Amino acid sequence: MQDSTDQTTRASRAGGPSVKTVVVPAAGMGTRFLPATKTVPKELLPVVDTPGIELIAEEAAALGAQRLAVVVAPNKEEIMRHFGEFAELQRIMLARGKDEQAAKVGRANGLIEAVAVTQDQPLGLGHAVGCAEAALDEDEDVVAVMLPDDLVLPVGVMEKMVAVREQLGGSVLCAFNVTRDEVFNYGVFDVEEPVDGFDGFEVRRVRGMVEKPAVEDAPSTLVATGRYLLDRGVFDALRRIEPGKGGELQLTDAIELMISEGHPVHVVVHEGKRHDLGNPGGYIPANVDFGLRDAKYGPALYTAVKKIIADYEAEHPGLAGGASAQD
């Protein structure tokens, strides 16, 4: 594994693209969004007016990637249609003087080359990532994985992860710091002290990971989120791990195997925020957050949200005193 890491490091320093392919697992059934996802994949649900999958494509393109390998189920090909040309719709918009809408229609098609990878059965995140190996070129020694449910803000953490790999080799993951009470919801990193040599962000070497531990058993408060920069050796590790519950292959297990065999894994501790688009409880705040920052919709939305909150607090006076919505 170290040989491939060294090759990638040398190629990147020679000026070649450090990440050519971004894998986007999008084969899930979207059960937390039923009934909407009976007919519309959750990856196409809009954040304000832009589908989540297009926001991921934009982030991949900003990284300099050339290919978006979208892992889809056999019945979810409509995700790929979003990256088509829609020339007739653009023509109609332009004929009506709606230049902005025409540009939005064609935007996804021009961001990045999107290719479909079929996952025949829902056998876990590790299995989905493994399905995408065939989409890589032979000379690619590193692959990025971006989970479409996760919006990591501000955008740019993947560029930091590339810089860490170029200096330290191996694989690099994204970590967020949460409160101790929240750790049971996440995969939690067991980490060493911060690594010197990185200005403006924190880097730590990973000793291991614990999936959704009890609060008292968590090795840290640094948790995993949906951004991975993985050495190509991960595909070999995925072939060697055992399936877990439900016959699923977990990406975490493959990374753990690589760590046990001496492969360096680090995390970039991201100072920002994350929106989970995979469930209504995260999707709604994401739309409010993005909407408030939208030049067109923001001012009116700000006024509307303030009134909605004021009305709600008037109806539930206990909230103003600090009670939770569950109370």
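Residues numbered from 1 in each chain as written. Predicted model: local features only at pLDDT ≥ 70, side-chain atom pairs only at ≥ 80, totals over all residues. Heavy atoms only, no water.

Going by the annotation in an unreviewed UniProt entry, the name recorded for the protein chain is UTP--glucose-1-phosphate uridylyltransferase, with Corynebacterium jeddahense given as the source organism. According to its UniProt record, the protein chain has this under Sequence similarities (unreviewed entry): "Belongs to the UDPGP type 2 family." Per UniProt, the protein chain has the following entry under Catalytic activity (unreviewed entry): "alpha-D-glucose 1-phosphate + UTP + H(+) = UDP-alpha-D-glucose + diphosphate". (UniProt positions renumbered as here; feature names shortened; annotations may be inferred.)

Asker: Go over the overall build of the protein chain with me, naming the residues and quoting the values.
Answerer: Counting its regular elements, the protein chain contains eleven helices and 13 strands. Taking 20 Å as the expected radius of gyration for a compact globule of 327 residues, we find that the protein chain reaches 21 Å, a close match to that expectation. By its C-alpha atoms, the protein chain is 55 × 55 × 45 Å across when sized along the principal axes. A total accessible area of about 16300 Å² is found for the protein chain, and carbon and sulfur atoms account for 52% of it. (Helix = DSSP H or I, 4+ residues; strand = E, 2+ residues; numbered from the N terminus. Rg over C-alpha atoms; globule rule 2.2 N^0.38 Å. Areas by Shrake-Rupley, 256 points an atom, 1.4 Å probe, with all protein chains shown as cover.)

Asker: So what about the environment of Met-209? Which residues, and what values?
Answerer: Position of Met-209 among the secondary structure elements: in strand E10 (residues 202-211). In this structure Met-209 comes out as buried when scored by relative accessible area, which is 12%. Distance from Met-209 to Val-288, taken between C-alpha atoms, is 33 Å for residues 79 residues apart in sequence. Setting aside its immediate chain neighbours within four residues, Met-209 contacts Leu-173, Gly-187, Val-188, Phe-189, Ala-224, Thr-252 and Glu-256. (Buried < 20%, exposed > 50% of the residue type's maximum accessible area, 1.4 Å probe, protein only. Contact = heavy atoms within 4.5 Å.)

Asker: Give a detailed account of the nonpolar core, specifying residues and quantitative values.
Answerer: In this structure, Val-22, Leu-63, Leu-68, Val-70, Met-161, Leu-229 and Val-268 are the most contacted members of the largest nonpolar core, which totals 41 residues. Among the secondary structure elements, those contributing two or more residues to this core are strand E1 (21-25), helix H2 (52-63), strand E4 (67-72), helix H3 (78-81), strand E6 (142-146), helix H7 (157-168), strand E8 (171-177) and strand E11 (222-231). Of all hydrophobic cores here, the second largest spans 37 residues; its members include Ala-175, Leu-230, Leu-238 and Leu-257. (Core = buried A, V, L, I, M, F, W, Y, C linked by side-chain atoms within 4.5 Å.)

Asker: An account of the side chain of Glu-43 is requested, with residue identities and associated values reported.
Answerer: Position of Glu-43 among the secondary structure elements: in the loop between E1 and strand E2 (46-47). In contact with Glu-43, not counting residues within four places along its chain, are Ala-26, Pro-51, Gly-52, Ile-53, Lys-76, Ile-79 and Pro-148.

Asker: An account of the packing of H2 against H7 is needed here, citing residue identities and associated values.
Answerer: Angle between the axes and distance between the axes are the two parameters that describe a pair of packed helices. Relative to each other, H2 and H7 sit at 40°, their axes nearing to 9 Å. Between H2 and H7, the angle is such that the two are oblique. Crossing hand, H2 versus H7: right-handed. Where H2 approaches H7, its residues Glu-59, Ala-62 and Leu-63 are matched on the opposing element by Met-158, Glu-159 and Val-162. Its residues assigned to classes, the contact of H2 with H7 shows four nonpolar, no polar and two charged. (Axes fitted to C-alpha atoms, helices over the stretch in contact; angles between N-to-C directions. Parallel < 35°, antiparallel > 145°, perpendicular 65-115°, else oblique. Left-handed = near helix turned anticlockwise from the far one by under 90°. Nonpolar A, V, L, I, M, F, W, Y, C, P; charged D, E, K, R; others polar.)

Asker: Residue-level account of the UniProt feature "domain: Nucleotidyl transferase" (unreviewed entry) in the protein chain, with values.
Answerer: Per the UniProt record, "domain: Nucleotidyl transferase" (unreviewed entry) is found at residues 23-288. The distance separating the terminal C-alpha atoms of residues 23-288 is 28 Å; by composition the span is 32% helix and 27% strand.

Asker: How would you explain unusual backbone geometry if you had to name every residue and give the values?
Answerer: With an omega of 10°, the peptide bond running from Leu-34 to Pro-35 counts as cis. Following Leu-153, the chain continues to Pro-154 via a peptide bond in cis, the omega torsion being -10°. As for its placement among the helices and strands, Pro-154 is situated in the loop between strand E7 (150-153) and H7. One non-glycine residue, Phe-86, lies in positive phi territory at about 55°. Its location among the elements puts Phe-86 in the loop between H3 and helix H4 (87-95). The class for Phe-86 is partly exposed, based on a relative accessible area of 28%.

Asker: Please give an account of the packing of aromatic side chains that cites residues and values.
Answerer: For the structure shown, the criterion picks out two aromatic pairs. Their ring planes at 85° and their centres at 5.3 Å tell us that Phe-33 and Tyr-283 sit as a pair that is edge-to-face. On the criterion of sequence distance, the pair formed by Phe-33 in the loop between E1 and E2 and Tyr-283 in helix H10 (residues 280-292) is long-range, its members being 250 residues apart. The class for Phe-33 is buried, based on a relative accessible area of 9%. Ring geometry for Phe-198 and Phe-201: centres 5.7 Å apart, planes at 45°, overall tilted. (Phe/Tyr/Trp six-rings, centres within 6.5 Å; stacked < 30°, edge-to-face > 60°.)

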